[in-house]
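Listed below, chain by chain, are the residues.
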Amino acid sequence: MRSSTTVAKPKRSRRQTTRMVWGTAMSLPVLVPFLVFGIVPLFWLVAVSVTDYDGFLRMNFVGLDNYAELAKDSRWWRAVANTLIIGACAVLIQLPLGFGLAVILNATSKKIATSFRTLFFLPYIIPALITGVLFGFLVGPTRLGIVNDILLNLGWVDSPVTFLGTRFGALAVIIIATVWMDLGFTLLLLHAGLQSIPEELYEAAELDGASRWHTLRHITLPLLRPMINVVLLLSMVSVMRSFDLVKSLTNGGPAGSSDVMFTHIYDLFFSQAVYSRIGYASAVSVIASLIIALAIGLMFIFIGRGGKKAQK
Amino acid sequence: MKTYRYRRTRIAMYVVLAVCALHAIFPLLYAVSGSFKTLSELESSGSRLIPDNPTLSNFASAWTHANFFQSFTNSAMVTIATTLIGTIAAAMCGYAFARRMVFGSKVFTVMMGAGIFIGAGTATIYPRYVMAQALGINNLVGVVVLQLAEITLLTTFLVRAYCTDMGEEVEEAAMIDGCGTFGAFWHVALPAMRPILTTVAVLTFQWSWNSFQVPLVFTLPRPELQTLTVSVFAIKSAGGDGFGEYSILLAGAVMAVLPIIIVYVIAQRYFMDGLTAGALKG
């Protein structure tokens, strides 16, 4: 049996073929929806992106006109910039914060660590849409918003602050909400990573008289490196694909200045004003997918290199 | 001296943890407290967490007036269908992949891996809707199918990894005893997969209940089909500038969060294990 599989292309026995047919049939409930709704739409996008399809009848081949136009579309590139800014800031805040909390959790008893982890993880499991709604309330532009209520009570401001009224403010609130939402997950992974580091290493380091700083630098961080990479990758991907939170928190406002890639694309496809430009929206979608693929590719290269360095 | 310092560090640690944990649950506390406040109280004192005269009227009017009863039922139906079908589908497909009994499994593995990261995002939502329309399922059935197409990618990988570790000796023995391929799966492998299937079911439930974009596109113009997340969003975007739907909005948010928190409290171990495993394999 084993030797037959190593031969170049073994003829499958009849029993094996029956088995394969069964296996493939069992996979169809996953594979068919995936092919129809996961793969075909990608080809659809690429095909439509070179036309001026209006969603109804008109569909002429326009070559790369859509792509040429989108290269100069400042609203789109602002959305890309917003996405990258949110991603970078959120990761830079939650990685050190999550690491610090993970170290503290790791030093407490198992029971306490578990119950705190449960609380920290709560924001991650609720709908991102609700997170957006709740943060909209917290920073609401009247006394209804808790932040304004406190500021007014303290007398620090005379009239309520409209936090979401500027691009800077809107992005800042989105970043805070993103960190709030994802921190529990970062913490979960880093804590799991810390727990997989053998206790003996720390004992040996203590015997050798290593300072806490040295232990952190030369034992904890290098061994945690793979987990940190996973966290980096996942948080970047989740921010690049984020839609629910931004849609419900700022809806891209004010005036589209806090749009991220996907809220912008959604508006291109579905908002009535530009409904007729499906071809253009498809081109933007293709570029968005390429940007995400590129980011993931770069991340993997970066991770691969880091991994090799750690081995040396 | 040393124990004294040790104790001080410990206390500092707990203080930091407690402060951060408070931040983690604070917005939820705000929502719960706000959903029990009258509108005027909500608008005058956002920072007071204990309502002066708690009232259930927000929930009552959300339930009837804002049609949340319908949305809640829709969400529940979609989630239950997705969880049941998704778990069984992932179990069968993950098992078949683990036992190398799928034609073209290598190609599919690569495509599905890429699909987890790139496909099925907002980029393809329009063509997906067009396809669903063409197939005549631009309704709640379509929502279920689209969610399955997205969620089962990751859960299939989880099941596959579990089955690969499981070893196939018992199944082979069963087949020698006259069990067919499917019989060996159904009677031998499936019962042994219970732990991972619980994880898969819990994750599928969470993703399906929380999902927003697909139901938004499919059901926003048709209130009778809206799921809970879509209804909450509809109220938020309609009542945006101070039209007094705030307390109903908060009640709706609490209703959208409550089922998922209940499931989380009951099955948190599966959440954590599943998400950790999913992250490391994905």
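Residues numbered from 1 in each chain as written. Chains lettered and ligands numbered in written order. Predicted model: local features only at pLDDT ≥ 70, side-chain atom pairs only at ≥ 80, totals over all residues.

1. Here we look at the overall build of chain B
Just so we agree on the cut-off: Helix and strand definitions here come from DSSP, where helices need a minimum of 4 consecutive H or I residues and strands a minimum of 2 consecutive E residues; each element is numbered from the N-terminal end. Burial is judged by counting other C-beta atoms within 10 Å of a residue's own C-beta: 20 or more means buried, 12 or fewer means exposed, and anything between counts as partly exposed, with every C-beta placed from the backbone. Here the contact rule is simple: place C-beta atoms from the backbone, and any two residues whose C-beta atoms are within 7 Å are in contact.
Assigned secondary structure in chain B consists of 13 helices and zero strands. Put simply, chain B runs from its N terminus to its C terminus through helices and strands in the order α-α-α-α-α-α-α-α-α-α-α-α-α. In terms of overall dimensions, chain B has C-alpha extents of about 75 × 70 × 35 Å along its principal axes. By residue count, 46% of the 282 residues in chain B fall in the buried class. Long-range pairs, those at least 24 residues apart, make up 75% of the contacts in chain B between residues at least 6 apart in sequence.

2. Looking at the domain arrangement of chain B
Residue and element names in this part refer to chain B. To be explicit about the condition: Delimitation of the domains relies on an automatic or database domain assignment. Only Asp, Glu, Lys and Arg are considered charged in this grouping, and only Ala, Val, Leu, Ile, Met, Phe, Trp, Tyr, Cys and Pro are considered nonpolar; every other residue, Gly among them, is considered polar.
When its domains are assigned, chain B resolves into domain 1 (2-44) and domain 2 (67-281). Of note, the centres of domain 1 and domain 2, computed from C-alpha atoms alone, are 33 Å apart. Facing the eight residues of domain 1 at the interface are eight residues of domain 2. Contributing elements (two or more residues each) for the side of domain 1 that touches domain 2: α1 (2-35) and α2 (39-44). In terms of residue count, α1 provides more of the side of domain 1 that touches domain 2 than any other element does, five residues in total. In terms of residue class, the side of domain 1 that touches domain 2 is made up of five nonpolar, two polar and one charged.

3. Brief notes about the domain arrangement of chain A
Looking at the assigned domains, one finds that chain A contains domain 1 (2-48) and domain 2 (65-311). Here the C-alpha centre of domain 2 of chain A lies 36 Å away from the C-alpha centre of domain 1 of chain A.

4. Some details on helix α12 (residues 228-238) of chain B
Of all eleven residues in α12 of chain B, eight are buried, a share of seventy percent or more. The complete set of buried residues in α12 of chain B reads L228, T229, V230, S231, V232, F233, I235 and K236 of chain B.

5. Here we look at unusual backbone geometry
Unlike most non-glycine residues, A255 of chain A shows phi in positive territory, near 55°. One non-glycine residue, R100 of chain B, adopts positive backbone phi at about 50°. One can find R100 of chain B in the loop between α4 (68-98) and α5 (105-117). The class for R100 of chain B is partly exposed, based on 14 C-beta atoms found within 10 Å.

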